[in-house]
Amino acid sequence: MGGLEVIADEPTPSPIKSRDGAAVLWTQTRTLLLGDGSTVYGCQHCDYTSPNVNAIRPHLQAHNSRRGKKTTTAPTGDLTLAELVARLAELDKVTAALDEWRTRALKAEKALRTLRNLLGDRT
Ligand SMILES: [Zn+2]
């Protein structure tokens, strides 16, 4: 950073407002306060900095497009272990629910059969 110390590193408020009027923060565009009191804008992913905030977002495309391509061409190929475990846990829940319903259905079926037998015995 030109030998200057970065005193503060914060997300940059964008000119865009969300629907509820709250300011939208560009978390990938860092506002860097330097040791000499000047401010530059930096990329969250690498050492790229610029005094012009509008220079950061085009630069971020370099990082985004690579990630974007990965996720679109291989939607399940890039799962982290944590994501995989989370998905398996979801699957477990669904399977458990299905098992529970199957058990209930079998019980209901059995009860119905018993009832039919009882009725059958009476006639
Ligand atoms: Zn960068």
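Parameters at a glance
Residues numbered from 1 in each chain as written. Predicted model: local features only at pLDDT ≥ 70, side-chain atom pairs only at ≥ 80, totals over all residues. Heavy atoms only, no water. Pairing = 2+ DSSP bridges. Helix = DSSP H or I, 4+ residues; strand = E, 2+ residues; numbered from the N terminus. UniProt positions renumbered as here; feature names shortened; annotations may be inferred. Donors = N, O, S within 2.8 Å, 3.2 Å for Na, K, Ca; no water. Tetrahedral: all angles 85-135°; square planar, octahedral: opposite > 155°, others 65-115°.

J.: So what's going on with the pairing of strand E2 (residues 23-34)? Residues and values would help.
T.: Bridge count for strand E1 (residues 6-17) against E2 is eight bridges, and the pairing is antiparallel. Across the sheet, residue Thr12 finds its bridge partner in E2, namely Trp26. What sits between E1 and E2 in their antiparallel hairpin is a turn of five residues, with Gly21 showing a positive phi close to 90 degrees. The pairing of E2 with strand E3 (residues 39-43) spans five bridges and is classified as antiparallel. Across the sheet, Arg30 pairs through a bridge with Gly42, a residue of E3. Linkage of E2 to E3, two consecutive antiparallel strands, is achieved through a turn of four residues, within which Gly37 is found at a positive phi near 90 degrees.

J.: For the UniProt feature "domain: Zinc finger protein 462-like seventh C2H2 zinc finger" (unreviewed entry) in the chain, give the residues involved together with the corresponding values.
T.: What UniProt calls "domain: Zinc finger protein 462-like seventh C2H2 zinc finger" (unreviewed entry) maps, in this numbering, to residues 38-61. Helix makes up 25% of residues 38-61 and strand 29%, with an end-to-end C-alpha separation of 26 Å.

J.: Just give me the short version of the coordination of the zinc ion, but keep the residues and values in it.
T.: Every protein donor of the zinc ion is accounted for by Cys43 (SG), Cys46 (SG), His59 (NE2) and His63 (NE2), and the metal-donor separations fall at 2.0 to 2.3 Å. Here the zinc ion is ringed by four donor atoms whose angles at the metal span 103 to 116 degrees, and the overall shape comes out tetrahedral.

J.: Any details on the sheet that holds E1? Residues and values, ideally.
T.: Strand order in this open sheet of four strands is E1-E2-E3-E4, and the pairing throughout is antiparallel. The sheet terminates laterally at E1 and strand E4 (49-50), the two strands that pair on one side only.

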